[in-house]
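One-letter residues, chain by chain:
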Amino acid sequence: MFVSQRIFALALFCSGATVVMVGGVLGLRAAGQAVRRSGLVDTIETFIEHDTTPCFIAERDGLIHGANRAAHRLFERDSFTTLGAALTETFANPAGILYRLQSRADASGAAQEDVATRAGHLRVAVHEIAQDRFLWRLENMGARTAARTPHDGVQLPMLMLGRSGAVLFTNDAARRLLGGRVKTLDRIFTELPVVPGTLAEVSCPDGPRRMLVAEMDAGAGRRVIFLLPPPEASLEAPMQGWQAFQDMPVPMIKVAPDGAVRSFNRMAAGLIGTKLVEGANISQLMEGLGRPIADWLNDTLSNRMVQKSEFLRLTRTDKETFVQVVLNRIMEDGEPALIAVLHDATELKSLEAQFVQSQKMQAIGQLAGGVAHDFNNLLTAISGHCDLLLLRHDQGDADYGDLIQINQNANRAAGLVRQLLAFSRKQTLRPETLDLRDTLADLTHLLNRLVGEKVTLTLSHDPVLRPIRADKRQLEQVLMNLVVNARDAMPAGGEIRIVTECLTLEEPLTRDRVTVPAGDYVTVEVIDSGLGIASDKLQKVFEPFFTTKRTGEGTGLGLSTAYGIVKQTGGFIFVDSQPGVGTTFVLYFPVHDHSPEVSPRPDVAERSNASDSSDGVVLLVEDEAPVRAFASRALRLRGFTVLEAESAEAALKTLEDENLTVDVFVTDVVMPGMDGPSWVREALKERPDVRVVFVSGYAEDSFGEEQSRIPNSVFLPKPFSLNELTEMVHKQMH
């Protein structure tokens, strides 16, 4: 027992000694590494001491560990303890630049970035030299290149403005002009707001000065303002004449009183293009003023129009460019002349055009919906009375063929109305769950007949195509419209490919001013190898009545109809085209994962019952007399008792008779005075069991929420036939 205790004690002693020895070795090793790191840092400090480039050694948190003589001279090193504080006067946001570069140095060991400052371009470089130690170098790149001409060295007063209009930065020239650093525009300009391209009074230590204001976009919501000498002053000294404006960052043109170009700077040449030459008339370079440009020049020369900007379109043919032009009158050798200050306004005019286009499309859509409603009433009366005449004429009658022609043309007119409603997205859709493979398989025979013998139609499907929810009839109309357009784009023949596939968008897709939300989609591409569409016409292809075909070859409603149907379905449609290569239309439909809905189809027995004589009382409320006359005759022919009312108020008065029994209300939705849903809700308070049939020339969606709150109600869109009306009433009654 005694021996075993001594052995155990000896083992504990050996273990403790081992731990102490290992700790000592690790401590010595860490101390050695610290000494080596310290020695490395000291060596680097000695190495950079005489470097002409400012260098700092800083810790990870920015605390300055050391700096060379160049840094002491340039940044007054003794006044700062952190690198961010030392660079406050050099960079507008030193913390962001330092953090960005240090993060990259952590990952790769070193990083560098060129940064524009008021003193020129600085190359900021950082190297990780030890754990939590970084070497920073700030090299002045602008000092490497001498000024090429006396004018290249001239620095223009410059202000950097933030999103709110606050002054973020002023360069040395601006500080000298203003007498120091200024943080708000009201301390610089005597009057606000300041219009770019015009003369403005600038508050200076020796009194107000008139300066020409030029503005440039600096990105991220920031703006750069240059304060230029006024045109009169710039022409006084020979060394600061018009040539001094060559490198100004604002397009400028000197124009004679007759509109001839006398001189221009490089920015103007780049903006206007090769047409800008001395001697060219400004009216040959710009257009779209709305009045003769010569009158505009004369008004400015005679001081009748002072510094009013105008928007004009350049006549260059390679691209569409808009400019904002401000004219300033000057005196040169005792003779008047004009300085035109230009600003590229293409993006602004593009946004304005998009807004105007959206307003126009909305107005046309509202007009189309209203016209379609009125036409539907007329077509209901025409086709309905035609059905009544056909009941009294058999095929052997001499008038039978004429009646059939009336009926067919009424149906064609109804199809045109459906196109108008589709464009305005106010048609009634009957969505169902569809497999596009089955839909296209049913449609292939018709599409092959449409494209003809010169064009080959090819289908390609995703093997795991998922279902979508859409109106099958309207979707077929979209595909036929796209295929017909593709066929017409290939007069010499070619191939049309229809490709379907499943697509998952991990992030929202933004294109053509539309954002497609992230999610699962089924895409349909209709691809042709035809003539293509010019870029200036590509944005107009979905406009109603716009067509590139010759007169009489198209109505211009095909693509606008397709656009309306796709948007009303909840999908998206885009077009890509290249002249001479072909055009691709891409349709996005959200995937519908719910179980397919089986729409009940009335069997033959039901149809025959609907055609048989029925009984029951129907209250017919319709403000259009021809439609009311047809509907009442049609229902009476089927055995119904019909009570007529020309307004909602008349219908409610009829129902005041408590002894009157009514089985079905058939009512128009939109009427003068009280509308259909309103009077029906009032009537159902006393007669809750009466069923309702709403009819309208507008879409069901226009009052879908109202209908959903009315029990036992259905919708019948106009124009409807005799059989459609009587079948609907029969179903509601039974």
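Residues numbered from 1 in each chain as written. Predicted model: local features only at pLDDT ≥ 70, side-chain atom pairs only at ≥ 80, totals over all residues. Heavy atoms only, no water.

S.K.: Could you give an account of the side chain of Thr315, naming the residues involved and the relevant values?
M.R.: Structurally, the position occupied by Thr315 is in the loop between strand 14 (310-314) and strand 15 (322-332). Relative accessible area serves as the criterion here: at 16%, Thr315 is assigned to the buried category. With residues up to four places along the chain from it excluded, the contact list for Thr315 reads Lys275, Gln284, Leu285, Met286 and Glu287. (Helix = DSSP H or I, 4+ residues; strand = E, 2+ residues; numbered from the N terminus. Buried < 20%, exposed > 50% of the residue type's maximum accessible area, 1.4 Å probe, protein only. Contact = heavy atoms within 4.5 Å.)

S.K.: Tell me what's going on with the sheet that holds strand 23 (residues 519-528), and back it up with residues and numbers.
M.R.: Overall, mixed pairing links the five strands, which are arranged 18-20-23-25-24 in an open sheet. Two strands lie at the open edges of the sheet, namely strand 18 (455-460) and strand 24 (572-578), each paired on one side alone. Mean inter-strand twist for the sheet, computed between neighbouring axes without regard to direction, equals 15°. Judged from the six bridges that link them, strand 18 and strand 20 (residues 494-505) form a sheet pairing that is parallel. Across the sheet, Thr458 pairs through a bridge with Arg497, a residue of strand 20. (Pairing = 2+ DSSP bridges. Axes fitted to C-alpha atoms, helices over the stretch in contact; angles between N-to-C directions.)

S.K.: Talk me through helix 19 (residues 676-684); I want residue IDs and the actual numbers.
M.R.: Within the sequence span of helix 19, burial applies to Gly676, Pro677, Trp679, Val680, Ala683 and Leu684. What you see down the axis of helix 19 is that its buried residues fit within an arc of 165°, all on one side. (Arc of directions from axis to C-beta.)

S.K.: Report on the nonpolar core, specifying residues and quantitative values.
M.R.: Counting 37 residues, the largest nonpolar core has Ile468, Ile496, Ile498 and Leu587 as the members making the most contacts within it. Take this core: its biggest share by element is seven residues, from helix 13 (residues 472-488). Leaving out residues up to four positions away in the same chain, Ile468 has contacts with Glu432, Thr433, Leu434, Leu436, Leu475, Val522, Phe589, Pro590 and His592. Listed in part, the 24 residues of the second largest apolar core include Leu271, Met286, Leu289 and Leu342. (Core = buried A, V, L, I, M, F, W, Y, C linked by side-chain atoms within 4.5 Å.)

S.K.: Tell me about the sheet that holds strand 28 (residues 664-668), and please be specific about residues and values.
M.R.: One open sheet accounts for five strands, arranged 27-26-28-29-30; its pairing is parallel. Of all strands in the sheet, those bounded by a partner on one side alone are strand 27 (641-645) and strand 30 (713-717). Taken pair by pair, the neighbouring strands of this sheet meet at an average axis angle of 20°, ignoring direction. One ladder, built from five bridges, connects strand 26 (residues 617-621) with strand 27; its direction is parallel. The partner of Leu620 across the bridge, within strand 27, is Glu644. On top of the sheet, helix 17 (residues 625-637) reaches strand 26 and strand 27; it is set at about 165° to strand 27, its chief contact.

Limitation: the analysis is restricted to geometry and does not speak to function.
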